[in-house]
Amino acid sequence: QVQLVESGGGLVQAGGSLRLSCAASGPIPTVNVMGWYRQAPGNQREAVAVISSSGSTNYADSVKGRFTISRDNAKNTVYLQMNSLKPEDTAVYYCNVHNVVVYWGQGTQVTVSS
């Protein structure tokens, strides 16, 4: 049973920073992609950033230059460093891991006040 647990969400002022963590456990293939997605009320879930086992990354245009994704392969943990936060970043942030199938965490709330 693969499980993912996010942490690090909270309330911050615009311009502030947060670091999200997601620890995965269970029978996860060594080669995989981990990522962060977010969903705000009334919006569809959107990809924020993804990172492969080899370290290749990709970011949504809206977060380029502000967010950084990283991972610890030995611990199957993925991180999202979020700087220069904007109210538009407010959403529930979900992590996932996928190879042949996709597994999702339960999400962590990020709220950015103006």
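Please refer to the structure placed before this passage.
Note that the structure is a prediction, hence the values are computed from the model and not measured.

*Asks:* Is there a simple way to think about the packing of aromatic side chains in this case?
*Replies:* How two aromatic rings sit relative to each other is given by the distance of their centres and the angle of their planes. Per the counting criterion, the structure on display carries 1 aromatic pair. Centre to centre, the rings of Tyr37 and Trp104 are 5.0 Å apart; their planes meet at 70 degrees, and the pair counts as edge-to-face. On the criterion of sequence distance, the pair formed by Tyr37 in strand 4 (residues 33–39) and Trp104 in strand 10 (residues 102–104) is long-range, its members being 67 residues apart. You can call Trp104 partly exposed: its relative accessible area is 34%.

*Asks:* Just to check I follow, could you spell out the pattern of salt bridges for this structure?
*Replies:* Pairing between side chains becomes possible if they bear opposite charge and their charged atoms approach one another. Evaluation of the coordinates by the stated rule reveals 4 salt bridges. Lys64 serves as the salt-bridge partner of Asp61, at 3.1 Å between the closest nitrogen and oxygen. A network of salt bridges, in which partner residues are shared, links Arg38, Glu46, Arg66 and Asp89.

*Asks:* What exactly am I supposed to notice about the sheet that holds strand 3 (residues 18–25) here?
*Replies:* In a beta sheet, neighbouring strands are held together by backbone hydrogen bonds and run either parallel or antiparallel to one another. The antiparallel open sheet is built from 4 strands, whose spatial order is 1-3-8-7. A strand with exactly one partner marks an edge of an open sheet, and here the two such strands are strand 1 (3–7) and strand 7 (67–72). For this sheet the average axis-to-axis angle between neighbouring strands, irrespective of direction, equals 15 degrees. Pairing of strand 7 with strand 8 (residues 77–82), which is carried by 6 bridges, proceeds in the antiparallel orientation. By the bridge assignment for strand 8, Phe67 is matched with Met82.

*Asks:* Which parts of the structure should I look at to understand a nonpolar patch on the surface?
*Replies:* Taken together, the side chains of Val100, Val101 and Tyr103 present a nonpolar region at the surface, about 290 Å² in accessible area. Relative to the elements of secondary structure, Tyr103 occurs in strand 10.

*Asks:* For this particular structure, what's the right way to read the state of the cysteines?
*Replies:* Two cysteines whose sulfur atoms are joined by a covalent bond form what is called a disulfide. Evaluation of the coordinates by the stated rule reveals 1 disulfide. In this model, Cys22 is linked to Cys95 through a disulfide, with the two sulfur atoms separated by 1.8 Å. Taking the torsion about the S-S bond as the criterion, the Cys22 to Cys95 disulfide, at about 45 degrees, is right-handed. Highlighted residues: Cys22 in strand 3 and Cys95 in strand 9 (residues 91–98), separated in sequence by 73 residues. For Cys95, a relative accessible area of 0% gives the class buried.

Cut-offs used in this document
- Residues numbered from 1 in each chain as written.
- Predicted model: local features only at pLDDT ≥ 70, side-chain atom pairs only at ≥ 80, totals over all residues.
- Heavy atoms only, no water.
- Phe/Tyr/Trp six-rings, centres within 6.5 Å; stacked < 30°, edge-to-face > 60°.
- Helix = DSSP H or I, 4+ residues; strand = E, 2+ residues; numbered from the N terminus.
- Buried < 20%, exposed > 50% of the residue type's maximum accessible area, 1.4 Å probe, protein only.
- Salt bridge = Lys/Arg side-chain N within 4 Å of Asp/Glu carboxyl O.
- Pairing = 2+ DSSP bridges.
- Axes fitted to C-alpha atoms, helices over the stretch in contact; angles between N-to-C directions.
- Patch = residues over 30% accessible without salt bridge, like charges linked within 9 Å, V, L, I, M, F, W, Y side chains within 5 Å.
- Areas by Shrake-Rupley, 256 points an atom, 1.4 Å probe, with all protein chains shown as cover.
- Disulfide = S-S within 2.5 Å.

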